[in-house]
Amino acid sequence: AQKITQTQPGMFVQEKEAVTLDCTYDTSDPSYGLFWYKQPSSGEMIFLIYQGSYDQQNATEGRYSLNFQKARKSANLVISASQLGDSAMYFCAMREGIFLSNTGNQFYFGTGTSLTVIP
Amino acid sequence: DVKVTQSSRYLVKRTGEKVFLECVQDMDHENMFWYRQDPGLGLRLIYFSYDVKMKEKGDIPEGYSVSREKKERFSLILESASTNQTSMYLCASSLLAGEYNEQFFGPGTRLTVL
């Protein structure tokens, strides 16, 4: 079974509008972390936002927020007020065993969502 | 700033050649990772290492080996390159312990095997 599932291969959004990128995950570990990364056409991976499984509140980072629904095992990324520079691939990732130092090293990535912002 | 560097941005090799991809990080991270990225498949883990001389297989280790002789350097080796190893290769590093330790990525190496 896939650990991370991103069901939207491509998305379009009008500039200045908000967009939600979906991510569902599969784990039986109670201690896990969820990450979102952005990959522009230049290729570098840029860390955007993090949500821990025990965090009581949804994570926010500037225009990025994470809609964390633990019971549904979903961690959707919300980008508000989209900008042309937001056009990129977006990857959801998970790490299990986050409080352990000798395990929980492996990250599991989804297949990504390609976001295009339309002027 | 954390910096992860990779020896080449673009590399062209011939089938059967031995290929070395080098990755260096300057933030004293214990963990280092090698991924390959292919369209529609996302990032797939090849190998990772959590200490010098230690290595763990990822999801797709076949056809690859790794070496970690120094903490800051993690090498990916293609013993006999094949055309199906044409891909983007990404190196990453992270701290060993701690909840918030995200992975920091290098710029990637686009390898073409002819």
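The structure we're discussing is the one just above.
Small disclaimer: the values here were computed from a predicted structure and weren't measured. (Residues numbered from 1 in each chain as written. Chains lettered and ligands numbered in written order. Predicted model: local features only at pLDDT ≥ 70, side-chain atom pairs only at ≥ 80, totals over all residues. Heavy atoms only, no water.)

Q: Where do I start with the pattern of salt bridges in this structure?
A: Working definition: two side chains of opposite charge can pair if their charged atoms are close together. By the definition in use, this model includes 8 salt bridges over all chains. Beyond isolated ion pairs, a larger network of salt bridges with shared partners links Arg36, Asp38 and Arg44 of chain B. (Salt bridge = Lys/Arg side-chain N within 4 Å of Asp/Glu carboxyl O.)

Q: Would you mind showing me how to read the interface of chain A and chain B here?
A: Contacts between chain A and chain B engage 22 residues on the former and 24 residues on the latter. Summed over both partners, the interface of chain A with chain B comes to about 1,900 Å²; 55% of that surface belongs to carbon and sulfur atoms. The tally of links from chain A across to chain B stands at 3 residue pairs in polar contact (both at pLDDT 80 or more). Of all elements in the fold, only β5 (32-39), β6 (46-52), β10 (88-96) and β11 (107-109) of chain A reach the threshold of two or more residues within the side of chain A that touches chain B. (Contact = heavy atoms within 4.5 Å. Buried area = accessible area lost by both parts, 1.4 Å probe. Polar contact = N/O pair within 3.5 Å; in protein donor to acceptor, adjacent residues only side chain to side chain. Helix = DSSP H or I, 4+ residues; strand = E, 2+ residues; numbered from the N terminus.)

Q: Help me understand unusual backbone geometry, please; the structure alone is not making it clear to me.
A: Comment: phi is negative for the bulk of residues other than glycine, and the bulk of peptide bonds are trans. In this model, Lys73 of chain A sits at a positive phi of 55°, which is unusual for a non-glycine residue. Position of Lys73 of chain A among the secondary structure elements: in the loop between β8 (64-69) and β9 (74-79). In the Ramachandran plot, Asp28 of chain B falls in the positive-phi region, its phi being about 60° despite a non-glycine side chain. Secondary-structure assignment places Asp28 of chain B in the loop between β3 (19-25) and β4 (31-38). The exposure class of Asp28 of chain B is exposed, given its relative accessible area of 52%. (Buried < 20%, exposed > 50% of the residue type's maximum accessible area, 1.4 Å probe, protein only.)

Q: What should I look at first to understand the packing of aromatic side chains in this one?
A: To describe a pair of aromatic rings, one takes the distance between the centres and the angle between the planes. Per the counting criterion, the structure on display carries 16 aromatic pairs over all chains. Geometrically, the ring pair formed by Phe109 of chain A and Tyr35 of chain B is edge-to-face, given 5.3 Å between the ring centres and 85° between the ring planes. Here the residue Phe109 of chain A occupies a position in strand β11, and Tyr35 of chain B occupies one in strand β4, the pair thus bridging two chains. Members of the aromatic cluster, joined through ring pairs, are Phe35, Tyr37, Phe47, Tyr50, Phe107 and Phe109 of chain A together with Phe33, Tyr35, Phe48 and Phe105 of chain B. (Phe/Tyr/Trp six-rings, centres within 6.5 Å; stacked < 30°, edge-to-face > 60°.)

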